[in-house]
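# Structural overview for review
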Amino acid sequence: MEVIKKQLCRILLVFSLLQSGTGRTRQALASPGFIQTACFSNMFWMKLDESFLKNKFCRIEIINPSGIPVLVDKELGPRCGYVLSKDVWGNTVLRASLLGCHVTNERDEIFSLTINVKVSTFEDMRAPEVYSYPMRCAYYPWAPREIVCEENYMEVSVKTDIPVISDDETAPWMSALPETQKVAYQVWQLVFHSPSGRKTTVVSDAGKLGYSFNNTLSRVFLRSPYGTNESEYSLVNGVTMSTVSSTSMYKQRWLLLLIDTTVSCPVDGTSFTDADIIWMVPTMIPRLVLQQPTFTSLNISMGVGEKRIEDPEKLNYTLERNLTHIVITIPIGADDGRFESTVSNGVHGITYSINVFLEHTWSDTDWKLTKYTVIKPITTPFMPRIPTVVNDTDPQTRLFNVTLGVFLPDVTLVAVTIGDMPVSLKEAEQKGYKITDTPTSSGKKNFRLEVPFDDPNVLREYVNKNETKYYLRLNYTLNVGPKGKVYHHPADIECIVADVVLPEAIGYCDKKSMYLAISMKDMGQLWRLYVGNKPLDPGTALANGYLLTANATHQVLQVPLFAVGIIYEEVSLERIQARFDLALKKARTMETLETFSVRCHFLSHEFVVCYPNGTVSVSAVMKTLPVIDMGKTRLKDQACQPREFTKEQAFFQFHVSACGTSLRFEGEHLVYENEISFEKESLPVQGPPVITRDPEYRLTILCYYPIKETLIQSAMFYGFSSPPTASTYGYGKMIIRSNVAGLRRARQTLNIISNMFKDKSFAAAYGTHSVAVTYSWRPVFLEVELKDGSPDVELYLDNCWMTETEGFSSLPRWNLITDGCENSSDGTVTFYPVIKNDRVKYPNHFKRLVIQMPTLPLRKVYLHCTATVSTCLRVPGNGFRHKQCTSERPLDQHSVVHPACQGYAVTGPIFVLHSAKSEQQ
Ligand SMILES: *[C@@H]1O[C@H](CO)[C@@H](O)[C@H](O)[C@H]1NC(C)=O
Ligand SMILES: *[C@@H]1O[C@H](CO)[C@@H](O)[C@H](O)[C@H]1NC(C)=O
Ligand SMILES: *[C@@H]1O[C@H](CO)[C@@H](O)[C@H](O)[C@H]1NC(C)=O
Ligand SMILES: *[C@@H]1O[C@H](CO)[C@@H](O)[C@H](O)[C@H]1NC(C)=O
Ligand SMILES: *[C@@H]1O[C@H](CO)[C@@H](O)[C@H](O)[C@H]1NC(C)=O
Ligand SMILES: *[C@@H]1O[C@H](CO)[C@@H](O)[C@H](O)[C@H]1NC(C)=O
Ligand SMILES: *[C@@H]1O[C@H](CO)[C@@H](O)[C@H](O)[C@H]1NC(C)=O
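Just so we're clear, the structure is a prediction, and the values are computed from it rather than from any experiment.

In this section: the sheet that holds strand S13 (residues 189-194). Taking strand neighbours across the sheet as the criterion, the four strands line up as S14-S13-S19-S20 in an open arrangement whose pairing is antiparallel. Every interior strand has two partners, whereas the edge strands, strand S14 (197-202) and strand S20 (256-260), have only one. If you compare each strand with its neighbour and ignore which way they point, the axes differ by 20° on average. Bridge count between strand S19 (residues 246-251) and S20: five bridges; the pairing is antiparallel.

Bringing the sheet that holds strand S62 (residues 780-786) into the picture now. Spatial ordering of the open sheet is given by S60-S62-S67-S66, a layout of four strands whose pairing is antiparallel. On the outer flanks of this sheet lie strand S60 (752-757) and strand S66 (829-832), each paired with one strand and no other. Each neighbouring strand pair of the sheet contributes to a mean axis angle of 25°, computed without reference to strand direction. Summarising the sheet, S66 and strand S67 (residues 846-851) pair through four bridges and their orientation is antiparallel. Note on S67: the bridge partner recorded for Thr 830 is Val 850.

Our focus in this paragraph is the state of the cysteines. Each disulfide consists of one covalent bond between the sulfur atoms belonging to two cysteines. The full count for this structure, using the stated rule, is seven disulfides. A sulfur-sulfur distance of 1.8 Å marks the disulfide that ties Cys 39 to Cys 137. For the disulfide bridge between Cys 39 and Cys 137, the dihedral angle about the S-S bond is near -90°, and by the sign convention the bridge is left-handed. On the criterion of sequence distance, the pair formed by Cys 39 in strand S2 (residues 35-40) and Cys 137 in strand S10 (residues 129-138) is long-range, its members being 98 residues apart. Linked covalently through their sulfurs, Cys 800 and Cys 865 form a disulfide whose S-S length is 2.0 Å. Measuring the twist about the S-S bond at about 115°, one finds the Cys 800-Cys 865 disulfide to be right-handed. A residue pair is termed long-range when its members are at least 10 positions apart, and Cys 800 in strand S63 (residues 795-803) and Cys 865 in strand S68 (residues 860-869) qualify at 65 residues. Judged by relative accessible area, Cys 865 falls into the buried class, the value being 1%.

This paragraph deals with the pairing of strand S50 (residues 607-610). Here S50 shows no split at all, with Phe 607 and Val 609 on one side and Val 608 and Cys 610 on the other all buried. Taking the residues between adjacent antiparallel strands as the criterion, S50 and strand S51 (residues 615-621) are bridged by four residues, where Gly 614 takes a positive phi near 95°.

For the rest of this paragraph, the subject is the confidence of the model for the protein. Where the model shows low pLDDT, its predicted coordinates should not be examined in detail. When pLDDT is averaged along the protein, the result is 81; 81% of the residues meet or exceed 70. No element of the protein has a lower mean pLDDT than helix H7 (residues 709-715), at 30, and none a higher one than strand S23 (residues 276-282), at 97. Overall, residues 682-695 carries pLDDT values under 50, and its contacts beyond four positions in sequence, including any with other chains, amount to twelve contacts.

Attention shifts here to the site of ligand 4. Close contacts around ligand 4 come from Asp 392, Leu 399, Asn 401, Arg 448 and Glu 450, and that covers them all. Within the side chain of Asp 392, one N or O atom sits 3.4 Å away from an oxygen atom of ligand 4. One of the side-chain N or O atoms of Asn 401 is found 2.3 Å from an oxygen atom in ligand 4. Surface burial for ligand 4 is 50%, taken as the share of its 350 Å² of free accessible area covered by protein chains. Looking at the shell around ligand 4, its residues break down into one nonpolar, one polar and three charged.

What follows is about a negative patch on the surface. A contiguous patch of negative charge on the surface is contributed by Glu 310, Asp 311, Glu 313 and Glu 320. With respect to the helices and strands, the residue Glu 320 is situated in strand S26 (residues 318-321). Judged by relative accessible area, which is 44%, Glu 320 ranks as partly exposed.

Below, the discussion takes up the side chain of Asp 336. Relative to the helices and strands, Asp 336 is located in the loop between strand S27 (325-331) and strand S28 (338-344). Looking at Asp 336, the relative accessible area reads 18%, which means it is buried. Of the polar contacts made by the side chain of Asp 336, one reaches the side chain of Tyr 317; its length is 2.4 Å. Those residues in contact with Asp 336 that lie beyond four places of it in its chain are Val 88, Trp 89, Val 304, Lys 307, Ile 309, Leu 315, Tyr 317, Tyr 352 and Ile 354.

Turning to the environment of Leu 797, a few remarks are in order. Looking at the element boundaries, Leu 797 is found in strand S63. What makes Leu 797 buried here is its relative accessible area of 0%. Along the sequence, Leu 797 and Ile 817 sit 20 residues apart, while their C-alpha atoms lie 7.5 Å from each other.

Criteria and cut-off values
- Residues numbered from 1 in each chain as written.
- Chains lettered and ligands numbered in written order.
- Predicted model: local features only at pLDDT ≥ 70, side-chain atom pairs only at ≥ 80, totals over all residues.
- Heavy atoms only, no water.
- Pairing = 2+ DSSP bridges.
- Helix = DSSP H or I, 4+ residues; strand = E, 2+ residues; numbered from the N terminus.
- Axes fitted to C-alpha atoms, helices over the stretch in contact; angles between N-to-C directions.
- Disulfide = S-S within 2.5 Å.
- Buried < 20%, exposed > 50% of the residue type's maximum accessible area, 1.4 Å probe, protein only.
- pLDDT = per-residue confidence, 0-100.
- Contact = heavy atoms within 4.5 Å.
- Near = heavy atom within 4 Å.
- Polar contact = N/O pair within 3.5 Å; in protein donor to acceptor, adjacent residues only side chain to side chain.
- Areas by Shrake-Rupley, 256 points an atom, 1.4 Å probe, with all protein chains shown as cover.
- Nonpolar A, V, L, I, M, F, W, Y, C, P; charged D, E, K, R; others polar.
- Patch = residues over 30% accessible without salt bridge, like charges linked within 9 Å, V, L, I, M, F, W, Y side chains within 5 Å.
- Salt bridge = Lys/Arg side-chain N within 4 Å of Asp/Glu carboxyl O.
- Lys, Arg positive; Asp, Glu negative; His and termini not counted.
- Charge placed at Lys NZ, Arg CZ, Asp CG, Glu CD.

Encoded structure:
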């Protein structure tokens with residue numbers, strides 16, 4: 001196997017003053033450090049350092065042999081054999097063929113080219129610094145045929161001192177022979193063989209087609225850009241080859257020179273795995289080897305950048321050859337290449353690029369030796385790399401510690417949106433956010449951001465019972481890769497810390513009340529206090545009879561015993577064990593977090609407790625003189641006796657559905673009423689004992705239970721003052737009624753009685769023990785009397801009505817007096833004057849009504865009245881109440897406050913016979 005002698009390359013740097021046409025340019029006298037030059041194979045090679053050219057504008061000119069600068073651009077490059085590009089590191093690289101248009105060629109051995117590098121800080125290249133670089137390269141000996149597959153051109157140069165005409169008749173270039181008849185004398189001509197036919201052209205015309213053809217002392221060469229009309233693409237062992245097939249012709253007097261100047265270069269052949277780049281080039285290119293059996297591959301070498309790699313395996317590259325392919329494998333990430341960050345469709349990722357070259361020398365009969373060089377910049381497809389957010393937040397330090405990574409060094413963080421506030425890195429620093437670039441050992445980097453929990457841009461939410469959720473919303477803005485593409489990466493970090501101190505409450509008791517002192521911090525914002533289903537506020541407190549006071553840190557709730565909302569845990573003759581609960585609810589969700597309770601024991605003798613389930617506990621205290629036997633007190637149903645009693649106290653417990661309890665509606669309440677009484681037994685002179693009608697001791701027990709909103713409307717018959725709104729517990733009331741002297745306590749209601757009389761003399765009442773009967777056509781005479789009133793008070797009737805059953809709220813009812821006025825619609829009721837007599841000591845303590853009911857379908861009648869005394873009216877009236885009843889009525893219904901102003905009495909029944917009027921007496 002023949003080994004090709006290494007080409008001798010020299011760099012000759014000549015520092016010379018360059019004559020320049022423009023006076024404005026400054027010239028460098030010395031070699032600036034940022035330019036590197038080399039002779040590489042059959043090329044000039046120059047590199048301009050990326051760091052120097054940063055933020056500068058650069059223009060590269062070639063000085064032609066007559067000293068005129070020519071700009072290297074897209075058109076000139078492929079035609080003249082120049083490649084101006086960037087290497088993977090971003091350095092500007094110029095490669096120029098030794099056979100380039102402006103190269104001075106000395107005997108095909110020494111080549112020189114002068115390059116001007118102009119650098120300006122302005123885009124329009126004003127005031128440039130000009131660095132002039134003459135390069136000289138020696139290259140010898142040339143192979144008989146040298147082919148270069150560059151990035152932007154293909155070049156073939158062949159030795160012309162050897163007549164190289166194959167005797168293979170089938171060779172396409174032989175088909176140029178007929179053309180030889182017309183070959184111009186001493187003029188080079190080209191015949192292109194393409195699928196569309198043959199094209200003959202003189203050299204100057206070939207230039208117009210984009211080709212460059214010339215001869216040197218001993219060689220002719222053809223340079224072709226890729227994709228000309230005469231080029232064709234074909235597959236060789238799966239690799240696409242671009243081929244320009246041509247024959248060069250020259251005729252001298254006795255010589256006709258035909259040279260095969262066909263050039264063929266691979267245009268693909270790369271493939272990628274996750275780890276490797278695989279580049280395949282056909283081992284033998286049929287269009288370049290006419291007599292294939294004579295083909296012998298001699299030497300294959302590879303390189304990266306401008307560096308030949310002598311021992312690829314050492315660097316984990318592989319260079320393999322079999323009959324069909326030369327295969328180069330490059331691990332993605334090899335040091336000679338470079339990763340680059342980029343953004344594709346909003347996704348962050350990387351590519352890996354490397355510039356590889358392959359040099360293959362082979363021999364065949366026709367050419368003896370061919371040197372075939374392919375220079376191949378390879379870039380992998382986009383490989384997505386989604387950055388990760390690492391959360392090193394430490395609840396102890398109350399600092400979000402967030403790291404975004406991993407990035408290549410070509411990524412910079414430019415801004416972060418924290419919450420809704422975009423901040424540049426500089427602003428972030430001013431605002432106290434710490435942003436650091438943290439390099440990794442592998443030369444990559446992360447961005448770490450620290451934001452305190454208590455920063456205004458951190459969202460916080462009160463969660464669970466005693467925790468705060470701190471929530472950091474981030475949106476990073478990064479500048480990615482050499483092109484500075486913008487990439488956004490959002491991150492949501494949260495941290496839950498148990499840093500909420502729940503309010504605390506202290507409960508205590510005194511003889512009459514229960515107290516809760518609750519700490520106030522964040523109350524209202526985070527929490528609310530609830531009594532039952534009502535928020536605790538001054539309104540609720542007032543309505544429920546609590547006292548709510550507050551200082552800077554605490555509020556104190558005082559709940560008197562028997563107030564609404566108290567839970568009676570144990571009620572007995574001796575004591576009451578009561579509890580009061582206050583719920584601490586989360587303001588946002590109304591979830592109950594805690595229940596503050598205070599439990600107290602009261603030595604209370606007199607009380608009514610109305611339980612939610614309808615049970616009523618009553619402790620009654622004797623208040624009579626002479627003393628009565630409390631053991632003999634009873635409820636309405638005489639069978640209901642005290643559960644426990646002492647000399648002074650009786651304790652009853654009963655259900656509202658039993659013991660003769662009656663029910664009525666009053667405002668927003670259901671009112672259950674019972675009575676504890678002591679029936680005085682008197683021994684008659686003869687006959688069995690009778691029970692007198694008037695008890696010595698009467699205690700009315702009332703339990704008010706709130707009713708539902710919807711019921712209230714239909715149940716609002718008349719307007720007593722509204723009792724406090726309440727929870728499911730009812731609230732109780734006791735009203736003592738006694739005819740006996742020695743009452744120790746003020747009465748709660750008026751003591752009024754009513755009676756029905758047989759005629760207008762109001763002398764004979766219908767008996768209470770006998771059955772009272774009347775006729776429907778006969779009037780009924782009703783008298784209402786105030787008992788135990790002082791002489792000067794006057795009794796007023798507020799409302800009187802008639803029903804068929806005894807209950808206060810029984811229906812149907814017929815109104816007789818409404819708000820003090822006769823219900824005059826049918827004229828069936830009139831006030832009747834009261835005259836003083838033996839029975840009537842104070843006429844102002846009486847009211848009388850005459851009631852006609854001829855058409856009413858009643859069988860049985862009860863008459864009900866509610867009454868008021870004049871002392872409760874702002875303008876005490878005189879005379880008959882029915883006169884000027886409306887104007888005289890000074891009392892606003894809702895201003896009735898004191899129960900001792902009002903009374904209620906019912907009388908009946910009286911049975912009504914509906915018979916003909918002819919029976920009238
Ligand atoms: C061929 O090369 C010579 C010598 O370098 C040059 O003067 C001439 O212009 C070139 N011809 C073309 C067509 O490039
Ligand atoms: C080659 O690959 C091996 C195994 O992956 C690795 O350990 C070694 O560092 C690589 N050598 C070079 C020069 O990259
Ligand atoms: C040569 O190697 C390539 C790549 O491994 C393979 O595709 C091809 O089949 C091989 N050719 C021969 C003749 O073994
Ligand atoms: C943030 O997290 C990193 C990685 O764990 C750590 O090295 C650094 O000290 C943390 N910063 C603070 C302020 O705790
Ligand atoms: C928060 O509540 C949990 C469970 O109720 C309790 O274990 C913890 O001690 C509380 N922490 C604080 C700071 O109050
Ligand atoms: C991040 O910011 C960019 C630019 O303002 C915006 O288009 C994108 O929707 C933001 N992403 C998120 C998750 O908010
Ligand atoms: C981040 O770290 C904190 C503290 O360790 C932790 O509570 C939280 O769940 C973590 N995760 C996210 C997604 O924020």
